[in-house]
Amino acid sequence: MTNPLTGYLLVAALLFAIGLAGALTRRNAILVLIGIELMLNAANLNLIAFWRYGPHPEMLTGMMFAIFSIAVAAAEAAVGLGLVISIYRHAKTTDVEQMNRMKG
Amino acid sequence: MGHPLYFGYEHPWREFDRFLRESAGKGRLAVGIVFYLISAVAVGGALAAVLLKNLVHCALALTVAFLGLALLFLQLDAQFAGFAQILVYVGAVAILVVFAILLTRGSDLPKEGVFSKSWVVGLAIAAAVFAVLGWVVLQAGPWLPNETAVPAVTVNQIGQALMGRYVLPLEIVAVLLTAALLGAVIVAMHEKEGTKQ
Amino acid sequence: MQEGLAFTPQLGTSGIAQWLWLVPAVPMLASGVIALLKQPMKKLSSGLAIGSLTFSLLVALVAFAHVVSGWSHGYAVREVVDFSWIQVGTAHVELGWVLDPLAAVMLVMVTFVGLLIFIYSTGYMEHDENYTRFFCFLSLFAGAMLGVVIANSILLLFMCWELVGLTSYLLIGFWYQKPSAAAAAKKAFLTTRVGDVFFLLGIVWLFAQTGTLLFYDHGAGSMEALALGGLLVHHSAWGLTAAGAIGLLIFAGAAGKSGQLPLHVWLPDAMEGPTPVSALIHAATMVAAGVYLIARVYPLMAAGMPAGGTTTSLTAVTWVGASTAVFAALIAVAQNDIKRILAYSTVSQLGYMMAGLGVGGVAVGMFHLITHAFFKALLFMGAGSVIHGAHEEQDIRKMGGLKGAMPVTFLTYGIGMLALCGFPLLFSGFWSKDGILEAAQHWSVAKAPFYMLVFGALLTAFYMTRQVSYVFFGTWRGHGHGHESPRVMTMPLAILAFFAIALAAIGTPAWPWFRAFLEGRAARIDFAGFNEPGLMALMLTSSAVVLAGLALGWFIYGAKSPASEEPDALEKAMPPVWAVLRDKFYIDELYGATVIAFYAWWAKVADWIDRDIWGDMVATVTFLFSRWARLNRFLDANIVDGAFDKGCEEIATGGGLLARVQSGRGQTYLRLLAVGVVLLTAILIWSTRP
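Structure report, in brief. Per chain, residues are indexed from 1 in the order of the written sequence. Here chains are named by letter from A upward and ligands by number from 1 upward, in the order in which they appear as written. Predicted model: local features are reported for residues with pLDDT of at least 70 only, side-chain atom pairs are reported and counted for 80 or more only, and whole-chain, interface and lining totals are derived from all residues. Hydrogens are left out, water is left out, and the side-chain values use all remaining heavy atoms of the structure.

Think of it this way: any DSSP run of H or I at least four residues long counts as a helix, any run of E at least two long counts as a strand, and we number them from the N terminus. A tally of regular secondary structure across chain A gives 3 helices and 0 strands. Helices and strands appear in chain A in the N-to-C order α-α-α. Contact between two residues is taken to exist if any of their heavy atoms lie within 4.5 Å; hydrogens are not considered. The contacts of chain A with a sequence gap of at least 6 include a subset with a gap of at least 24, amounting to 60%. Areas reported as accessible are Shrake-Rupley estimates using a 1.4 Å probe. Residue values count occlusion only from the protein chains shown. For chain A, the exposed surface amounts to about 3600 Å²; the carbon and sulfur share of it is 69%.

Structure representation (structure tokens):
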């Protein structure tokens, strides 16, 4: 690790991969959403890292991006979990493997 | 100038900050112990969130991961982002996740396993993604135009930016949040009405 | 023989010669019209036939008068009208007709006798339901026969010859429902066909050698000096000249038609036809066509005759004729069917005519032909009258005593019988037969034909007496009663009887008009003709022979009336000889065993070849085709269709497989997305590397 940026980027990549793994392998729909949240957070970390170590941090571009990302992620989480709840009410399960009504 | 203002709390923080900076500038370990610790926390929480069987434990682990990330933000001198992370993610999203788990009886252990039958494929794909990203990061040349200079970000500046340069995204995000709010309510409510009939 | 001056030949065509073609054409046309008529139109059909033949008779009489007038003025008439029928390359196929004394006398005879028989037929066939068809065929026959008579082109002669054969077949087999009649018709046709093959060969050779089909063509015809000279020069096999060989071939054709020895077998069987048919065709006209043919091509037959000698063809003609005369007369002795006796008698007399042509020339043979036509037609019609009166009975053993019941028939029949036997002086048969005997006596080659012919005369008298005594004398042995025939049948008998006597006048040595007429010489009534050396002796000899035959016959059969089941007197005397004679010397059986057996075998072989070999080949080809078709179908159904179906199946399966990608599960889609991200990132990085 020759520079701190690499470290943060690696951590972000690792977090992203873990979140992806969770989203791809867990059966519960909520855990898929958890994985997605982790991926978003990893992306936020990337943004902040690049803001900090990139040129012109006084422009606040990275910070702003991250803040908006947080806001949007919150909204998305709300809607997604609401969907999961409504699906649960309908299908009595949150198992993604059983939700294949869109089968081709 | 002198020391930047961190939310008005200068004194206890100043020391910590100085320690961090000093440790950051020493020797080969460019990032320092603190970074590794916080990273470990974040990554561990994330792993736990993904691997645990009990969903509530997963949600709590997720909270830990969020906290870790918030600390990483703080270390990156993005105090506002860090606190926003805590406020929003830990304070709202994690609670929301817990609520969802509770509402969908996620605490009950499922009959079949928690992992899908083809979890190896998913793991492999995630590993591939990590490999690609890691490789990109590692083989990129050193490029740190702003290593040591600490950006002095005040809330005032952030406010100015929000109202100035980023006013449009701000408004749009406001609309988005409203829509999300309404949408979530409708989705939950609509279903209730439908089942009643 | 009275020698006269030979007339100068006259060329050019008179008016009557131009219209001579009407003589055969009108009866043929009448035949065509009658063919279109319905069966019940009896009066119309017979009226048409008789009318057409009357017309032909009138034209023939005019032509005859023309020739006679020419003759009396010292011209030898020979008028020719030719036309070209087809052109093949540079060669022309010529047809045409000729009017000369030979044709003229024959025309008159054929039309006159034919007309009488037509009239007779209206009575004889009255109750037959196929009356109209009968007259149609009769008319066609008359037209064809007249065509043979006037033909100047050997091809036209052959065409009419074949037509005559066809109508003979149709008329013999007139009552075709009878198997014997149908078989007899077939036999007649096939036997004459054998002769016709040789005839055709002769025609082809003659045409090839002389280059012309015409007999007389102003010096270029095949019967004229130039062509004959060329034929004599040419030599063929066995030391024959071309003239000799062609002559023999043509005689073979004539032998078939005129029933000479090997090809005579059809004539007796031809009695299956109605009696008018027997009278017309097998007594007077068709069988005479062979003799007429030899007379017509006589210049060819006699070509190169050395003085006092004879040619090969004429020798053959004489021998065959003499043999036939004796052979047939022997068989006639042992027959019991009234018409069969007359049939064999006809064969015998034809032999006489041929012999006469061979030894004495055209006039001698033709005179006997003319007289024979009249009295043989008379005899046949008389026999028809007898059959009619005896209620369709034909076996003479079942007749008898008819002279009282049928006086006219008896009288006319008696006249005809005496003419046939050659009763001295009064009857034409005597003079015509005497002419032949005289010529045979002076024949330079051999004397045997003379003795054969004399023996034949004896036999003729004998069997005719036998027949007459069986039929007219004695007591009636049949069933029912005999009755006289109607006027329409007896009138022609009377007319013919008159001519059987009257024709004697033109053939005596005192006034050899006929001979002179044919040979183009002058003729005078001169009783000095009887002063010919040996003539009186011959006349006495032949008279004695005839009387002896009559006496012998009367002695054995006489007025006795044997019962119908009793065997004949001669049969009791010489059973084996009688059996041989009655069974016609087993000639028919011989033919049956050899020719016909071979033919049947050959037909079987041909059938086997056709059915088994060709049939198998066809079956193999069809089998191969059907297999090929099946193979095609198999290929099409299984391979082509199969491949196509398989392809479609594969596509469907592939589609099914691809559809499984759409699992409907979000996680799967997510995975695919992630894979896509990895790949795209990799590509992006790879492409931006320095």
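Read on, since the account is not over.
Chain C puts 10 residues into the contact, and the matching count from chain A is 14 residues. Note: buried area is the sum, over both parts, of the accessible area (probe 1.4 Å) each one loses when the two are combined. Carbon and sulfur atoms make up 56% of the surface buried where chain C meets chain A, a total of about 940 Å² over both sides. Looking at the side of chain C facing chain A, the largest losses of area belong to R665, Q667 and L670 of chain C, adding up to 50% of the total buried there. The salt bridge definition used is simple: a Lys or Arg side-chain nitrogen within 4 Å of an Asp or Glu carboxyl oxygen. Run the count over chain C and chain A and you get 1 salt bridge.

Helix span, expected: 1.5 Å multiplied by one less than the number of residues in the helix. Taking 1.5 Å as the rise per residue, helix α4 (residues 79–103) of chain B with 25 residues should run 36 Å; its terminal C-alpha atoms sit 34 Å apart, in good agreement. If you check which residues of α4 of chain B are buried, you get Q79, A81, G82, A84, Q85, Y89, V90, V93, A94, V97, A100 and I101 of chain B. In this fold, the buried residues of α4 of chain B make contact with α2 (29–53) and α3 (61–91) of chain A together with α3 (55–75) of chain B. One or two positions beyond α4 of chain B, positive phi appears at R105 of chain B, with a value near 45 degrees. Each residue is placed in one exposure class: buried if its accessible area under a 1.4 Å probe, protein chains only, is under 20% of its type's maximum, exposed if it is over 50%, and partly exposed if it falls in between.

Put simply, side chains in a regular strand alternate between the two faces of the sheet. All names here are of chain C. Alignment of strand β3 (residues 79–88) against strand β4 (residues 91–99), held across 9 bridges, turns out to be antiparallel. Across the sheet, residue Q87 finds its bridge partner in β4, namely H92. Pairing between two strands is assigned when DSSP locates at least 2 bridges connecting them. Between β3 and β4, which pair antiparallel in sequence order, lie 2 residues; one of them, G89, sits at a positive phi of approximately 70 degrees.

All names here are of chain C. By secondary structure assignment, the location of S168 is in helix α6 (residues 154–172). Residue classification places S168 among the buried residues on the basis of a relative accessible area of 2%. Sequence-distant contacts of S168, that is, excluding residues within four places in its chain, are made with I281, H282 and M286.

Here, patches come from residues exposed beyond 30% relative accessible area and free of salt bridges, joined within 9 Å for like charges and within 5 Å for nonpolar side chains (Val, Leu, Ile, Met, Phe, Trp, Tyr). Together, W628, L631, F634, L635, I639 and V640 of chain C make up an exposed nonpolar region whose accessible area comes to about 570 Å². As for its placement among the helices and strands, W628 of chain C is situated in helix α26 (residues 587–659).

In summary, the pairing rule links any two rings of Phe, Tyr or Trp, Trp by its six-membered ring, whose centres are within 6.5 Å, and it sorts them by plane angle into stacked for under 30 degrees, edge-to-face for over 60 and tilted for everything else. Tallied over the entire structure, the rule returns 28 aromatic pairs over all chains. Aromatic ring contacts, followed pair by pair, group F118, Y131, F134, F135, F174 and W175 of chain C into a single cluster. Ring-over charges, as used throughout, are those where CZ of Arg or NZ of Lys falls within 6 Å of the ring centre and within 35 degrees of the ring normal. In this arrangement the basic side chain of R26 of chain A is found over the ring face of F115 of chain B, its NZ or CZ atom lying 4.9 Å from the centre. The ring of Y53 of chain A has R52 of chain A lying over it, and the distance from NZ or CZ to the ring centre is 4.9 Å.

A word on the side chain of T94 of chain A. With respect to the helices and strands, T94 of chain A occurs in the segment after α3. The buried category is assigned to T94 of chain A, whose relative accessible area is 9%. Nitrogen and oxygen atoms within 3.5 Å of one another constitute a polar contact, given that in protein one can donate a hydrogen and the other can accept it, and given that sequence-neighbouring residues count only through two side-chain atoms. At a separation of 3.2 Å, a polar atom in the side chain of T94 of chain A contacts the side chain of N28 of chain A. Not counting residues within four places of it along the chain, the set of residues in contact with T94 of chain A comprises R27, N28, A29, V84, Y88 and M99 of chain A together with T104 of chain B.

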